[in-house]
Amino acid sequence: MSAVAAKTGGAAGDNNNKKNNRNNYKKLPTAALDDLVQYVTLHVRKPTPISGVVLPFVPLYLTAFYLWIYVYKGHEEEEGTAELDDVPIAKQGKGIEDAAWSDIGFIAVVAIAFLHILTLLFCYWSVHVLAFLTCRRVKKPASGVLAKVVPTANNGNSKIVPIRSLQLENGTRQYYLVFQKTKYVWDEDKAIFRAVEFPVNKLLSSYASSRGLETEQAIKTAMQTYGNNEMDMVVPEFHELFIERATAPFFVFQVFSVGLWCMDDFWYYSLFTLFMLIAFECTIVKQQLRNMSEIRKMGNKPYLIYALRQNKWRQIGSDELLPGDLISVTRSQNDNIVPCDVVVLRGSCIVDESMLTGESVPQMKESLESLQQLNTELDAEGEGKLTVLFGGTKVVQHTAPSKESMRAPDGGCIGYVIRTGFNTSQGKLLRTILFGANRATENNAETFAFIAFLMVFAVAAASYVWVKGSEDPERNRYKLFLECALILTSIIPPDLPIELTLAVNTSLIQLTKLFVFCTEPFRIPFAGKVQICCFDKTGTLTTDNLMVEGIAGLSSNGKCVPIDEAEDKTVQVLACCHSLALLDDGLVGDPLEKAALAAVEWNLTKSDSVIPKRGKLKPLRIVQRYHFSSALKRMSVLAGYLLPFSNEINYIGAVKGAPEVIMGMLKQVPEDYEKIYLEYARRGARVMALGIKEFGNLGGQRIRELKREDVECDLTFAGFVIISCPMKPDSKAVIKELVQSSHKVLMITGDSPLTACHVARELRFTNKKLLILTPPQNELSGTWSWVSIDGDRIYPLDDGKSDKNISMLLAANDLCITGEGLLYLQQSHHSYMLKVLPQVTVCARFAPKQKEYIITTLKQLGYYTLMCGDGTNDVGALKHAHVGVSLLTSAPVKRKRTEDELREINAAASAAAAAATAANQQLSPRERALRRRQEHIDRTQARLQNALRDMEEQTMVKLGDASIAAPFTSKLSSIMCVNHIIKQGRCTLVTTLQMFKILALNALIQAYCQSVLYIDGVKFSDTQATMQGIFIAACFLFITRSKPLKTLSKVAPLPNIFNLYTISTILTQFAVHFGTLYYLTSEATALAPPRVGKVKLYIDMDNEEKTKYDPSIVSSTVYIICVSLQVATIAVNYKGHPFMESLRANRMLMCAIGASAALVLLLTTGVVPGLTQFFEIVDFPANFRQTLLLILVADIVGAFALDRICSFLFGETRRKSKVLNC
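Residues numbered from 1 in each chain as written. Predicted model: local features only at pLDDT ≥ 70, side-chain atom pairs only at ≥ 80, totals over all residues. Heavy atoms only, no water.

Structural notes on the overall build of the protein
Within the protein, the secondary structure is distributed over 38 helices and 38 strands. Burial status across the protein gives 53% buried among its 1222 residues. Taking all contacts inside the protein whose residues are at least 6 apart in sequence as the whole, residues at least 24 apart take part in 74%. Accessible area for the protein stands at about 54,900 Å²; split by element, carbon and sulfur atoms hold 57% of it. (Helix = DSSP H or I, 4+ residues; strand = E, 2+ residues; numbered from the N terminus. Buried < 20%, exposed > 50% of the residue type's maximum accessible area, 1.4 Å probe, protein only. Contact = heavy atoms within 4.5 Å. Areas by Shrake-Rupley, 256 points an atom, 1.4 Å probe, with all protein chains shown as cover.)

Some thoughts on the packing of helix 33 (residues 1060-1087) against helix 35 (residues 1113-1133)
Axis separation between helix 33 and helix 35 bottoms out at 9 Å; the angle between their running directions is 165°. By the criterion of interaxial angle, the relationship of helix 33 to helix 35 is roughly antiparallel. Note that helix 33 runs across helix 35; the crossing there is right-handed. Together, Q1069, H1073, L1077, L1080, T1081, A1084, T1085 and L1087 of helix 33 and I1113, V1114, T1117, V1118, I1121, L1125, A1128, T1129, V1132 and N1133 of helix 35 make up the contact between the two elements. Its residues assigned to classes, the contact of helix 33 with helix 35 comprises 11 nonpolar, 7 polar and no charged. (Axes fitted to C-alpha atoms, helices over the stretch in contact; angles between N-to-C directions. Parallel < 35°, antiparallel > 145°, perpendicular 65-115°, else oblique. Left-handed = near helix turned anticlockwise from the far one by under 90°. Nonpolar A, V, L, I, M, F, W, Y, C, P; charged D, E, K, R; others polar.)

Some points on the side chain of H743
On the secondary structure map, H743 appears in the loop between helix 22 (731-740) and strand 30 (744-748). A polar contact is formed between the side chain of H743 and the backbone oxygen of V530, at a distance of 3.4 Å. A polar atom in the side chain of H743 sits 3.0 Å from the side chain of S741. (Polar contact = N/O pair within 3.5 Å; in protein donor to acceptor, adjacent residues only side chain to side chain.)

A word on the nonpolar core
The biggest cluster of nonpolar side chains holds 62 residues, and the ones touching the most others in it are I1039, I1120, I1130, L1149 and L1188. Contributing elements (two or more residues each) for this core: helix 12 (445-470), helix 31 (976-1015), helix 32 (1022-1040), helix 33, helix 35, helix 36 (1147-1165) and helix 38 (1182-1210). Considering each element in turn, this core owes the most residues, 16 residues, to helix 31. (Core = buried A, V, L, I, M, F, W, Y, C linked by side-chain atoms within 4.5 Å.)

Let's talk about the sheet that holds strand 18 (residues 516-518)
If you trace the 11 strands from one edge of the open sheet to the other, you get 18-38-37-36-19-30-35-34-31-32-33, paired in mixed fashion. Each edge of the open sheet carries a strand with a single partner, namely strand 18 and strand 33 (794-796). Pairwise comparison of adjacent strand axes, ignoring direction, gives a mean angle of 20° for this sheet. One ladder, built from 3 bridges, connects strand 18 with strand 38 (residues 968-970); its direction is antiparallel. The partner of V516 across the bridge, within strand 38, is S970. Of the strands in this sheet, strand 18, strand 19 (532-535), strand 36 (865-869), strand 37 (883-887) and strand 38 touch helix 31, which is tilted by about 145° from strand 37. (Pairing = 2+ DSSP bridges.)

Brief notes about the packing of aromatic side chains
All chains considered together, the criterion is met by 19 aromatic pairs. Judged by centre distance (5.0 Å) and plane angle (80°), the rings of Y1008 and F1074 are edge-to-face. Of this pair, Y1008 sits in helix 31 while F1074 is found in helix 33, placing the two residues 66 residues apart along the sequence. Taken together, Y673, Y677, F717 and F720 form an aromatic cluster joined through their ring pairs. Between the NZ or CZ atom of K183 and the centre of the ring of Y176, over which it lies, the distance is 4.6 Å. (Phe/Tyr/Trp six-rings, centres within 6.5 Å; stacked < 30°, edge-to-face > 60°. Lys NZ or Arg CZ within 6 Å of the ring centre and 35° of its normal.)

Quick word on a nonpolar patch on the surface
A surface patch of nonpolar side chains, about 560 Å² in accessible area, is lined by L1060, I1205, F1208, L1209 and F1210. For the nonpolar patch, the element with the highest residue contribution is helix 38, accounting for 4 residues. Here L1209 shows up in helix 38. (Patch = residues over 30% accessible without salt bridge, like charges linked within 9 Å, V, L, I, M, F, W, Y side chains within 5 Å. Salt bridge = Lys/Arg side-chain N within 4 Å of Asp/Glu carboxyl O.)

Concerning the environment of L597
When you line up the elements, L597 lands in helix 17 (residues 591-600). With a relative accessible area of 2%, L597 lands in the buried category. C-alpha separation for the pair L597 and V573, spaced 24 residues apart in sequence, amounts to 10.0 Å. When near neighbours in sequence (up to four residues on either side) are disregarded, L597 contacts L574, A575, H578, L580, L587, W602, L604 and V610.

Observations concerning the environment of A595
Summarising the element assignment, A595 is placed in helix 17. Since its relative accessible area comes to 16%, A595 is described here as buried. Sequence separation of A595 and N545 is 50 residues, and the distance between their C-alpha atoms is 8.5 Å. Among all residues touching A595, those that are not within four sequence positions of it are L546 and V548.

What to know about the packing of helix 25 (residues 819-828) against helix 27 (residues 848-860)
Helices that pack against each other are described as a pair by the angle of their axes relative to one another and the distance between those axes. Between helix 25 and helix 27, the least distance of the axes is 11 Å, while the angle of their chain directions is 55°. By the angle between their directions, the pair helix 25 and helix 27 is classed as oblique. Where helix 25 crosses over helix 27, the handedness of that crossing is left-handed. Along the contact surface, helix 25 presents G819, L822, L823 and Q826, while helix 27 presents Q850, Y853 and I854. Here the contact of helix 25 with helix 27 is built from residues that sort into 4 nonpolar, 3 polar and no charged.

Details of the pattern of salt bridges
Oppositely charged side chains may form a pair once their charged atoms are brought near each other. The tally for this structure, following the rule as stated, stands at 17 salt bridges. With its nearest N and O atoms 2.6 Å apart, the salt bridge here joins R634 to E712. In this pair, R634 is assigned in strand 26 (residues 634-642) and E712 in the loop between helix 21 (708-711) and strand 29 (716-724), connecting sequence segments 78 residues apart. With relative accessibility at 7%, the residue E712 sits in the buried group. Residue K1135 pairs with D1203 through a salt bridge whose shortest N-O separation is 3.0 Å. Of this pair, K1135 sits in the loop between helix 35 and helix 36 while D1203 sits in helix 38; the two residues are 68 residues apart in sequence, bridging distant segments of the chain. Assigned by exposure class, K1135 and D1203 land together as buried. Connected via shared salt-bridge partners are K1135, D1203, R1204 and E1212.

Considerations on unusual backbone geometry
With an omega of 10°, the peptide bond between H1137 and P1138 qualifies as cis. Unlike most non-glycine residues, F515 shows phi in positive territory, near 65°. Within the secondary structure, F515 is located in the loop between helix 14 (496-513) and strand 18. Phi is positive for D714, which is not a glycine, with a value near 50°. For D714, the location among the structural elements is in the loop between helix 21 and strand 29. With relative accessibility at 46%, the residue D714 sits in the partly exposed group.

Here's the deal with the pairing of strand 12 (residues 341-346)
Buried residues dominate strand 12, accounting for 6 of its 6 residues. Where strand 12 lies against strand 17 (residues 413-419), 5 bridges are found, and the strand directions are antiparallel. Its bridge partner lying in strand 17, V343 is registered against Y416. As defined by bridge partners, strand 12 adjoins strand 15 (residues 388-389) across 2 bridges and the pair is classed as antiparallel. Bridged to V342 within strand 15 is L389.

So, the side chain of D187
As for its placement among the helices and strands, D187 is situated in strand 7 (residues 182-187). A polar side-chain atom of D187 sits 3.3 Å from the main-chain amide nitrogen of K190. Excluding anything up to four places from it in sequence, D187 contacts I192 and R194.

Comments concerning the sheet that holds strand 7
Neighbouring strands of a sheet are bound in pairs by backbone hydrogen bonds; such pairs are parallel or else antiparallel. The strand order 5-6-7-8 describes an open sheet built from 4 strands, whose pairing is antiparallel. Of all strands in the sheet, those bounded by a partner on one side alone are strand 5 (164-167) and strand 8 (192-195). Recorded for the sheet is a direction-independent mean angle of 35° between the axes of neighbouring strands. Strand direction decides the pairing type here: strand 6 (residues 173-179) and strand 7, joined by 4 bridges, are antiparallel. Opposite F179, over in strand 7, you have T182 as the bridge partner.

Quick look at helix 7 (residues 238-246)
Along helix 7, the positions that sit buried rather than exposed are L241, F242, R245 and A246. End-on, the buried residues of helix 7 take up no more than an arc of 135°, which puts them together on one face. (Arc of directions from axis to C-beta.)

Re the state of the cysteines
Applying the stated criterion across every chain, the model contains 0 disulfides. Its sulfur unpaired, C977 is 5.2 Å from the next cysteine sulfur, which belongs to C868. (Disulfide = S-S within 2.5 Å.)

A short note on the confidence of the model for the protein
Any region with low pLDDT has predicted coordinates that should not be read closely. Residues with a pLDDT of 70 or more make up 81% of the protein, whose mean pLDDT is 79. No element of the protein has a lower mean pLDDT than helix 1 (residues 22-25), which averages 39, and none a higher one than strand 19, which averages 94. Note on residues 1-30: pLDDT is under 50 here. Beyond four places in sequence and across chains, it has 99 contacts. For residues 950-963, every residue scores under 50 in pLDDT, and the model assigns this stretch 39 contacts once sequence neighbours within four places are set aside. (pLDDT = per-residue confidence, 0-100.)

What follows is the structure, encoded as structure tokens:
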């Protein structure tokens, strides 16, 4: 299949960005040439009459109608003109046969219509089916052509989008498509679609010399190429989302079932069930709309901004900005945010990037005019970050350009627009939230496979009824067909999603009490399957409160001395070498630098001066900052102070950074320099080396000419500053519980490997030695190797016999890889990486995209993953994990309801109660019982809605929190929520699996009762059916209310239904129950009086006969057996420990089972005549009564024994993974 591939460059269209590492983080499938789009195929719609949803069905309909109306109907009219009593027997039989054929004709038409509707629904469910049936392939785009766009894995769903076109200024027509808010244009020469190229990788000098869009032609071209700077997110209408939910496979099946019940006179129950279904879907749609409204608020609101157009400054709307524009950026007023991605050309600013990164630390942004080297390409995601303002961030302070060459009317910083709309950093984040991962729903493959398993027995039962029922030539075939269809829908429980929802809702309510909010409830069972738990470090495992321990490396023994005993030169470096700024709101900047400034007891002023609170040192004024760079691993400043008794200023250079980097800048390196800093780093402390340089008196020209290299050389060593980052108090206990409960724990952090490894050891992520994947000393000839923290173990990386090598490596060690190491493994040892990745314990120096790559790779390898983080830079990983948990660090304040709201709530409750009372009076006893069951579900749903409403009032999701993107959000900053989620997940998973087993056994028993026994004329009274329904509903309700145990069990539950234990226990238990049912029914039939005449089925009766019930020994026996079997099924298959409370602890369920068992005993023995009369049970002979009791006891014992044998043989807990060793 030839596909039109999208050219490399990604959704942002950074096509030629050689330094852009985005594609390195994600190994794309070989066919995909883009990180968003896998392939594109072009199609044209077929005319409707010849499409696959019309043409094949026309001849089928015509044939069916012709045979039904003209052949059989006409034949029937010819033969049936005379009275049947007056014609010969042969003719009478012929007339009956024709009537039967007429019914079959109607059934054939209904079957074709059903197939037709199913085909239309499949077109709705699958883009591929829609394209196959309604479109034909073409090679080139044109007007009226459609594009089927298939995204890469974890990037949303395939979609058919229209090809659009526009007339370019040069007269040519350009074709393009928009997929997930991203524009792809058609390249005529290469016959491919490619993403629009934005000016993001030009030379810095070309930005610096730009004069903006200087001509009308340039503005028009940019407008046609990029479009407006809009971030429109249209929130769908309620009915659009509801239709999407209402066409889901399960909902369609449920409505189909309701329709069949209506045709069989179950009006009240059917319509009530339909109302329940619609109400349930409406609550989900309302929740989705609320979430979408919140996401919409994250878009940019247009405001006026100065732009240099045609060499004149003019105010235009921020939504009219185009790449190539020069704009003026000022401090954000009235919640205005930076409208697009901008390179700062002149001036400087301090920016709050918490919306994008989750970090509350404002960042300093420098302009290109402060850089000496401008002949390099811009790398906006890497080193160029320092000069780029990202869309969606807030400018908290700006400094106007110092030079007079170009100034804006409002005195703002001058910036060059490089990306607009959904291609900005903010746009990418929104696209991840909107389209990133498919939502987990109840419509999973496993549930459908379970239904297919039950369908085999359902079809067998329906076939038996059809064959046996057709033996009577007078029987109405339409009603018989309806009965068979009803068997199919009743054996496949139509309330299965509601039962599953009940189990999930109970867990939801429990989690809300623990301050955990869930936006995708059906992810809860996934938490029970989790194998690998991934954690961010800073702010998740550790606190944000940094502590300066002291200064090391200056005393004779190198020990750490308190700050107040530090030398003057050390205090000066700590006081002035930072990127802090004083705003109206207080001091902003890196918490580490704030902690250091507070420790030396100096104050910062708005004019960038630092003043000691006490002591003999002179105040310092920061003259020039050379900002921290992750590539350089250092920062430096030039500062000055007044000499005593003169007006001369003495200048010093202060430098701080990674010890290994500063080491090469020192005039004289202390002997034990490396030993000291490595010792503290291995303890988990953050260690920074300090250096100082005296410049003396400098002139203004010399200061302007001074380069970074001049400051960062010939330094005098000023010590190591030792900073500790305390653990959260409960982190260690949580990790210990997770490790002991069959989980692999993994730390993924942007921090240094030594610090990360120390935290991992402190929190007992591992008890073995950690090996770090280390690059060679000599990059040209050396090889990468696994090196222990203390350097005493070195294992060269060799993937020749990778399985054996990895096993030997892990026998006494655990592994740590860095972002650089991951990049190397991806490019050079990909298969080795896939084998080693699940066994890694620490991932350090990881970029956000690499965190996401780890999660998606582990998922592809078949592992269930949990990711816990606190910043929006974890958004990709949180969204793609099976269970994403976001920690909110701010304490919420609960909003009180107003009096009007309370009055509305009370009025609505009173009206609902009055309506329910009026409706109840019109229902039969059975329907009232069924309604009571639905009201139980209603109440649970109401409790859930109240809990969710309270949660929303307590904390509206703020921008900068990952809450919207993560399925789970904890309002507490403790990682204890992870254990709560897993406990509830395991409890829900086990409950769900138990319900599947019970439903399967009930369905199999029902299949026999509704086929073989139904044809023999066995049926239950209205009272019997109602009481049996109440018992089942009560038991399921009490099963779903089971609570998890307080501690996580050491073993994990089975992750799915289809395993040897479940299948074997269902089949063996059914064999025992079937044997019981068959034997006792045969015994009862032998005692019953001989049957007179033919059996009259339910479908043969008129309305008066349907309400009349004549008890018999066979029907009474079957009823007692059915109740007993349901007791046995629930008692045997309810498993409490080790995942949830035991049967004895679940008192409500225990009482329900005990009451049902007592009922069986009383009905069998007949010691309470009033009870047997109420249940319409006949009095049994003494011998049969004894046999009945013995066989029922033997049935329960046999089922229990076989279940235990199956459990012993196959195990009912998850097997230990050889790879994860858990």
